[in-house]
Structures are given as structure tokens and as C-alpha cells.
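Here are the chains, one letter per residue:
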Amino acid sequence: MLIRHAPVQGDGRVYGRRDIPADCSDTAAIAALRAALPAPDGIIHSPALRCLQTVEALWLGQAAMPEPALWEQDFGAWEGMPLADLPDLGPLAGDALAAHRPPGGESFSDLCDRVTPALSALAARGGRVAVVAHAGTIRAALALALGTVPAALRFEIAPLSLTSIAALPGGAYAVRGVNRCPS
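Residues numbered from 1 in each chain as written. Predicted model: local features only at pLDDT ≥ 70, side-chain atom pairs only at ≥ 80, totals over all residues. Heavy atoms only, no water.

(A) Structural view of the sheet that holds strand β2 (residues 42-45). With respect to topology, six strands assemble into an open sheet ordered β3-β2-β4-β1-β5-β6, the strand pairing being mixed. Only two strands of the sheet have a single partner each, and these edge strands are β3 (65-66) and β6 (173-180). Direction of pairing for β2 relative to strand β4 (residues 129-133): parallel, over a ladder of four bridges. Within β4, the residue paired with Gly42 across the bridge is Val129. (Pairing = 2+ DSSP bridges. Helix = DSSP H or I, 4+ residues; strand = E, 2+ residues; numbered from the N terminus.)

(B) Representation of the pairing of strand β5 (residues 162-167) within the structure. Bridging between strand β1 (residues 2-4) and β5 involves two bridges; their strand directions are antiparallel. Directly across from Ile3, in β5, lies its bridge partner Leu162. Looking at chain direction, β5 and β6 are connected through five bridges and run antiparallel. Bridge pairing in β6 links Ile165 to Val175. The antiparallel pairing of β5 with β6 creates a hairpin that spans five residues between the two strands, and Gly170 there sits at a positive phi of about 80°.

(C) Spatial organisation of the environment of Ala48. As for its position among the elements, Ala48 is in the loop between β2 and α2 (49-58). Residues Ala48 and Asp74, 26 residues apart in the sequence, show an inter-C-alpha distance of 13 Å. Once residues within four sequence positions are removed from consideration, Ala48 is found in contact with Asp19, Trp71 and His134. (Contact = heavy atoms within 4.5 Å.)

(D) Just a nonpolar patch on the surface, in detail. On the surface, Leu89, Leu92 and Leu97 cluster together into a nonpolar patch covering about 220 Å² of accessible area. Relative to the assigned elements, Leu89 resides in the loop between β3 and α3 (94-99). For Leu89, a relative accessible area of 35% corresponds to the partly exposed category. (Patch = residues over 30% accessible without salt bridge, like charges linked within 9 Å, V, L, I, M, F, W, Y side chains within 5 Å. Areas by Shrake-Rupley, 256 points an atom, 1.4 Å probe, with all protein chains shown as cover. Salt bridge = Lys/Arg side-chain N within 4 Å of Asp/Glu carboxyl O. Buried < 20%, exposed > 50% of the residue type's maximum accessible area, 1.4 Å probe, protein only.)

(E) View of the layout of surface pockets. Here the largest pocket defines a volume of roughly 640 Å³. Lining the largest pocket are 25 residues, and of these Glu72, Gln73, Phe75, Arg139 and Leu153 sit closest to its centre. If you list the elements that add at least two residues to the lining of the largest pocket, you get α4 (108-125) and α5 (135-146). Sorting elements by how many residues they give to the lining of the largest pocket places α5 first, with three residues. (1 Å grid on protein atoms, 1.4 Å probe; cavity = no way out; pocket = protein on both sides within 12 Å on 5 of 7 lines; lining within 4 Å. Points joined across faces, edges and corners; volume = space filled by probe spheres on them.)

(F) Up close: α5. Helix length check: α5 (12 residues) gives 16 Å between terminal C-alpha atoms against 16 Å at 1.5 Å per residue, within 8%. Burial within α5 is extensive, with 10 of its 12 residues counted as buried. Within α5, burial applies to Ala135, Gly136, Thr137, Ile138, Arg139, Ala140, Ala141, Leu142, Ala143 and Ala145. Buried residues along α5 sit in contact with β1, α4, β4, α6 (149-152), β5 and β6. (Expected span 1.5 Å × (residues − 1).)

So, in C-alpha cells, the structure goes:
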């Protein structure tokens, strides 16, 4: 189970690695998501404050473990930049977009390389693990399941949404659902 954190208290700027808080005030959406989730055997989250706050809103008092590899993509010099000031990259093919690195940051392909070992280790553990992370992290999980990095960039991942990917024997994966918003 992959859950994107609650909406951020954004400021109109790129916030990939910026540690800004979540807005967990939509208690109805949080309750609906909680009701839709099967009980997890373990809870893992990105160390970002917004992910920890989402974990606490969904599973108050339950043990959860941070996993540094699950941080959002590092947008380098673009971190904190007003969204309106981001450079126009023009049309890029999927491979080129996945490989594009913001100055001083990481590409989506780099993110996938960082996240995949952690996700594979969780899959090898077995059981039902809840992962609370970022849109980029969830897209990286989809890239792993689909066997293609560029295609995963086509998915939009909403805040407080559930994506389910099952680990199958032999290292294969099945995508059971993407971007489910129970509210």
C-alpha cells in the first residue's frame, strides 16, 4: 500500500525536499482513507514532516519507521523556486524527461535508482506494508512494477490517495490500483 501524504501547506514554490508541513485538517478525507485501508503489518514513511504528520493522522499511536530512501525527488536549484518561474523544457520524449536533471538535483531516473532497492526490500519482507511517501516515490514504485521508468511519469498521484502494488513470486509485481481517493 502506497499512500501519498496529505496536501501540503504550500507557498506556490517547488517543495520536493523542502520539509514543509501537511494540512491534515480534512478529517473526513483522512477518516475515509483510514476506513479503506486494511490493517498494515508495518508502516514505513519518508522522513519528511508531511509524511510523518500523515502517518500520525491515519494511525495515531502506531509504530512507524522512517526510510530515508523514500524522500521526494531532489529538485536542486529549483527547490523553493516559484512554480511560475520554472523553466519551460519544451516537449520532451519520455526517456528524455525521465533523465532530465534540474541543476544540482536528481532526475526521475535517479529517484527510481534510489527508491527501488528500498521498495524491493519491503516487498521481500512480505506482509502488508503501508508506505507513506511522495508522488515521485509512488511513481518510482509504479516504474518498478511496470518495468519502465518513463511510463511512470504519466501518472498523477493525488494527496491522500492509495496506490496498491502486489509483490508476486519471482520478483514480479501486479498493479492493483492507482490513485484511489476514497473520500
